[in-house]
Amino acid sequence: MQLKDNLNLLSKFTLKRFGNALSVITGYYISKVSGNALQLGLPLSISIEPTTSCNLRCPECPSGKREFTRPTGMLSQAFFKEMIDSVHKRVTYLTFYFQGEPYLNPDFLTMVSYASQKKMYCSTSTNAHYLDEENARKTVESGLDRLIISIDGTTQESYSNYRIGGELNKVIEGTRNILRWKKKLNSKTPHVIFQFLVVKANEHQIEDVKRLAKELGVNELRLKTAQVYDYKHGNPLLPENQRYSRYRKEPDGNYTIKNNLNNHCWRLWSAAVITWDGLVVPCCFDKDARHQMGDLKKSGFEQVWKNAGYRNFRSSVLRSRKEIGICSNCSEGTRVTFPQASTAT
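Only a predicted model underlies this, so the values are computations on that prediction, with no experimental measurement involved.

### Here we look at the packing of aromatic side chains
Taken as a whole, this structure holds 10 aromatic pairs when the rule is applied. Geometrically, the ring pair formed by phenylalanine 80 and phenylalanine 96 is tilted, given 5.4 Å between the ring centres and 40° between the ring planes. Of the two residues, phenylalanine 80 sits in helix 4 (residues 77-87) while phenylalanine 96 sits in strand 2 (residues 93-96), which places them 16 residues apart along the sequence. For phenylalanine 80, a relative accessible area of 0% puts it in the buried group. You can call phenylalanine 96 buried: its relative accessible area is 0%. Between tryptophan 305 and tyrosine 310 the ring centres are 5.1 Å apart and the planes differ by 75°, which places this aromatic pair in the edge-to-face class. Judged by its relative accessible area of 0%, tyrosine 310 falls in the buried class. Among the aromatic residues, ring-to-ring pairing joins Tyr28, Tyr29, Trp266 and Trp269 into one connected group.

### Some words on the packing of helix 5 (residues 108-117) against helix 6 (residues 133-142)
Where helix 5 meets helix 6, the axes come as close as 9 Å, and the angle between the chain directions of the two elements is 15°. Considering their axes alone, helix 5 and helix 6 lie roughly parallel with respect to each other. By crossing handedness, the relation of helix 5 to helix 6 is classed as left-handed. Touching Leu109, Val112, Ser113 and Ser116 of helix 5 are Asn135, Lys138, Thr139 and Ser142, all from helix 6. Tallied by class, the residues present in the contact of helix 5 with helix 6 amount to two nonpolar, five polar and one charged.

### A closer look at a nonpolar patch on the surface
A surface patch of nonpolar side chains, about 320 Å² in accessible area, is lined by Leu3, Leu7 and Leu10. With respect to the element layout, leucine 3 can be found in helix 1 (residues 2-11). Given the relative accessible area of 58%, leucine 3 is considered exposed.

### Some words on the nonpolar core
Counting residues in each nonpolar core, the largest one holds 97 residues, and the members touching the most others are Ile48, Phe80, Leu94, Phe96, Ile274, Val280 and Phe301. Once you skip the residues sitting within four places of it in the chain, valine 280 turns out to touch Ala272, Val273, Ile274, His291, Gln292, Met293, Gly294, Leu296, Phe301, Val304 and Tyr310.

### So, the pairing of strand 5 (residues 191-198)
In terms of residue burial, strand 5 counts as a mostly covered element, since eight of its eight residues are buried. Neither face of strand 5 is open: one carries His191, Ile193, Gln195 and Leu197, the other Val192, Phe194, Phe196 and Val198, and all of them are buried. As defined by bridge partners, strand 4 (residues 146-150) adjoins strand 5 across five bridges and the pair is classed as parallel. Opposite isoleucine 149, over in strand 5, you have phenylalanine 194 as the bridge partner. Where strand 5 and strand 6 (residues 220-225) come together, six bridges link them in parallel fashion. Following the sheet pairing, leucine 197 is matched in strand 6 by lysine 224.

### Describing unusual backbone geometry
Generally, phi is negative for residues other than glycine and the peptide bonds are trans, each holding for most cases. The omega torsion across threonine 189 and proline 190 is 5°, close enough to zero to call that bond cis. One can find proline 190 in the loop between helix 8 (168-184) and strand 5. With a phi close to 70°, alanine 128 is a non-glycine residue in the positive phi region. Within the element layout of this structure, alanine 128 appears in the loop between strand 3 (121-126) and helix 6. Judged by relative accessible area, which is 1%, alanine 128 ranks as buried.

Calculation notes
Residues numbered from 1 in each chain as written. Predicted model: local features only at pLDDT ≥ 70, side-chain atom pairs only at ≥ 80, totals over all residues. Heavy atoms only, no water. Phe/Tyr/Trp six-rings, centres within 6.5 Å; stacked < 30°, edge-to-face > 60°. Helix = DSSP H or I, 4+ residues; strand = E, 2+ residues; numbered from the N terminus. Buried < 20%, exposed > 50% of the residue type's maximum accessible area, 1.4 Å probe, protein only. Axes fitted to C-alpha atoms, helices over the stretch in contact; angles between N-to-C directions. Parallel < 35°, antiparallel > 145°, perpendicular 65-115°, else oblique. Left-handed = near helix turned anticlockwise from the far one by under 90°. Contact = heavy atoms within 4.5 Å. Nonpolar A, V, L, I, M, F, W, Y, C, P; charged D, E, K, R; others polar. Patch = residues over 30% accessible without salt bridge, like charges linked within 9 Å, V, L, I, M, F, W, Y side chains within 5 Å. Areas by Shrake-Rupley, 256 points an atom, 1.4 Å probe, with all protein chains shown as cover. Salt bridge = Lys/Arg side-chain N within 4 Å of Asp/Glu carboxyl O. Core = buried A, V, L, I, M, F, W, Y, C linked by side-chain atoms within 4.5 Å. Pairing = 2+ DSSP bridges.

Laid out in structure tokens, this is it:
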């Protein structure tokens, strides 16, 4: 199943997009070796935020906790189309997610259709509470290529331990609706992924979620480690099995992040994140948009992507990544991989 999804992604590459990808990779390796930030081309991937609103109250999420200091709101179609028109010839991958629940934006699927018509690979992440019959049909018809469904438990008790306010039966029914409409419309997309955020309350259900994924017929299951903000002295969310934790318990009983945080980061060269109101931030770990690289209401995307502020931020990562706040709790590796949807949670 993953092979079909990968082939679908490859089919989105045009000569211009392929040339852009080569430029980005070249710039990254030159920067990594020289220690001087060089940005060639546009990113391979862009994430854009449909909304900051969410129906759930997940404990490690600023949307869920309603703790944003930045403005909250909904992405407008007009702004979205203007942005897509300016980048689609070179940018291949579009993630309709940053914070919030995408399906709360009433124009979400219309915007997916617009990007899909531009032959961009389109992905999103959802808690699946709004995948009723109509939305499931429209989702398949929109041309969405990848749908990540968060399912963080196989019983209501374990699921709601993290997805506070959520209903597991809605997630399962929404998944069934999507898969049923894929079959009815004879569609190969979206590639449906179950994403299981492993925490202490659900780590004993890993085999159960594997069985559930197989029973429902989703295309892929991904186990994901949880990001927690207060981890040094332990955290109730951290699983007992260290394999599924981003953090390592040290001999003194304190915890440290497993990532070595080497002084380079592929995502800073290959991907960008855009808030609902047009702010460009370096990655999905900057949830509150504290590192604003530019404002697309005032400047074009390429101008922002290559401006002095962005170049200085990349240079600071090449010098000392550990000193940057949003990098200090980062789980992203440093291998060159194609950027994919991330909830950063």
